[in-house]
Protein chains: 2
Amino acid sequence: MDTYRADDAWEALGDRTRRLIVERLARGPAAVGELAAGLPVSRPAVSQHLKVLKAAGLVTDHAEANRRIYRLNPAGVGALRDQLDTFWGRALENYKHTVEEVEEQENG
Amino acid sequence: MDTYRADDAWEALGDRTRRLIVERLARGPAAVGELAAGLPVSRPAVSQHLKVLKAAGLVTDHAEANRRIYRLNPAGVGALRDQLDTFWGRALENYKHTVEEVEEQENG
DNA sequence: CACGAACGTAAGTCTTCACTTACCATGGCG
DNA sequence: CGCCATGGTAAGTGAAGACTTACGTTCGTG
């Protein structure tokens, strides 16, 4: 499943409409029409967004009779979370170092 | 610090160059010229990107003589992480429910 | 089999935005 | 005080992409 670039996921979530779709899918699976009904854009637009989200590994889909059900992909979201955690950790670390340096200067 | 919209942060990280800047700053503070030196774009472009990242609450800056030092803002990254965690949690929850439903169907 | 519902895709438009060059302001140094 | 380094901003350009309408396809139903 590592064929998905993390870059793709970031770019996918860079669009506001796609973030709305993801937020909706976080509350449970949904069909394309259902998603479009809650959004200010047309159904084909939602289809195109879902294509991007799927390519980024953020959602999965499966056919169900006439309809196509989309759901959030925990793996994709998790990968994003992991990458963000490294930023977070290193940022905190650097922040701590900086504070210590400042304190040393102030006390010295 | 809640004046920063989480939306801004997602949109800011939607750009590849800005992600490279963030990754660089995660390894420690840097001046504009230093950042530009490690990137395939001009220095003014980096300045504009930093402006966006700053507006999104992802970085902070302070003057140091002639130079202007930018560093990652733990608060901004943390806010993003929190939001992603809710997606993550709900996605896992839904995934678990789905698995249980499928198992019930298979066993029933 | 004909019809309607649900969906993906093609083609085209229009806005957004990332990038460039040129210019201006500020701070250290001879 | 001239000179260089550093960096923010203005203006213009080109490409990416988000959206629309139109169309083709598949599936269940009368």
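Values in this document were obtained by computation on a predicted structure and should not be read as measured data. (Residues numbered from 1 in each chain as written. Chains lettered and ligands numbered in written order. Predicted model: local features only at pLDDT ≥ 70, side-chain atom pairs only at ≥ 80, totals over all residues. Heavy atoms only, no water.)

S.K.: How should the packing of aromatic side chains be read in this particular structure?
M.R.: The geometry of two aromatic rings is summed up by the distance between their centres and the angle between their planes. One pass over the full model with this rule turns up one aromatic pair over all chains. Ring geometry for Trp10(A) against Trp10(B): centres 5.8 Å apart, planes inclined by 35 degrees, an arrangement best described as tilted. One end of the pair, Trp10(A), is in helix α1 (residues 6–12); the other, Trp10(B), is in helix α1 (residues 6–12), on a second chain. Overall, Trp10(B) belongs to the buried group, its relative accessible area being 1%. (Phe/Tyr/Trp six-rings, centres within 6.5 Å; stacked < 30°, edge-to-face > 60°. Helix = DSSP H or I, 4+ residues; strand = E, 2+ residues; numbered from the N terminus. Buried < 20%, exposed > 50% of the residue type's maximum accessible area, 1.4 Å probe, protein only.)

S.K.: Quick question: what am I supposed to make of the packing of helix α2 (residues 16–26) of chain A against helix α4 (residues 43–55) of chain A here?
M.R.: For any two helices packed against each other, the geometry comes down to the angle between their axes and how far apart the axes lie. Residue and element names in this part refer to chain A. Interhelical geometry of α2 versus α4 gives an angle of 80 degrees and a closest axis separation of 10 Å. Classified by the angle between their axes, α2 and α4 sit roughly perpendicular to one another. Two secondary-structure elements touch here, α2 through Thr-17, Arg-18, Ile-21 and Val-22 and α4 through Val-46, His-49, Leu-50, Val-52 and Leu-53. The class makeup of the residues in the contact of α2 with α4 is six nonpolar, two polar and one charged. (Axes fitted to C-alpha atoms, helices over the stretch in contact; angles between N-to-C directions. Parallel < 35°, antiparallel > 145°, perpendicular 65-115°, else oblique. Contact = heavy atoms within 4.5 Å. Nonpolar A, V, L, I, M, F, W, Y, C, P; charged D, E, K, R; others polar.)

S.K.: Looking at this structure, I do not really get the pattern of salt bridges. What am I missing?
M.R.: Oppositely charged side chains can pair when the atoms bearing their charge come close. Within the structure shown, the criterion is met by 14 salt bridges over all chains. Close ionic contact of Glu11(B) with Arg19(A) constitutes a salt bridge, the shortest N to O distance being 3.3 Å. Here Glu11(B), found in helix α1, pairs with Arg19(A), found in helix α2, and the two come from separate chains. The class for Glu11(B) is partly exposed, based on a relative accessible area of 39%. A salt bridge links Lys54(A) to Asp61(A), with the shortest nitrogen-to-oxygen separation between them at 3.1 Å. (Salt bridge = Lys/Arg side-chain N within 4 Å of Asp/Glu carboxyl O.)

S.K.: Help me understand the confidence of the model for chain A, please; the structure alone is not making it clear to me.
M.R.: Note: predicted coordinates in regions of low pLDDT should not be interpreted at a detailed level. Confidence in the prediction of chain A, expressed as mean pLDDT, is 86, and 81% of residues score 70 or more. Under a pLDDT of 50 for its full length, residues 103–108 of chain A has, in the predicted model, zero contacts with residues more than four places off or in other chains. (pLDDT = per-residue confidence, 0-100.)

S.K.: Can you help me understand the interface of chain A and chain B in this one?
M.R.: It is common to report an interface's size as the accessible area lost on association of the parts. Chain A puts 32 residues into the contact, and the matching count from chain B is 32 residues. Carbon and sulfur atoms make up 65% of the area that chain A and chain B hide from each other, which totals about 3,100 Å². Linking chain A with chain B are eight salt bridges, by the criterion used here. Where chain A meets chain B, there are eight residue pairs in polar contact (both at pLDDT 80 or more). For the side of chain A that touches chain B, the secondary structure elements donating two or more residues are α1, α2, β3 (67–72) and α5 (74–107) of chain A. Its residues placed into classes, the side of chain A that touches chain B shows 15 nonpolar, six polar and 11 charged. (Buried area = accessible area lost by both parts, 1.4 Å probe. Polar contact = N/O pair within 3.5 Å; in protein donor to acceptor, adjacent residues only side chain to side chain.)

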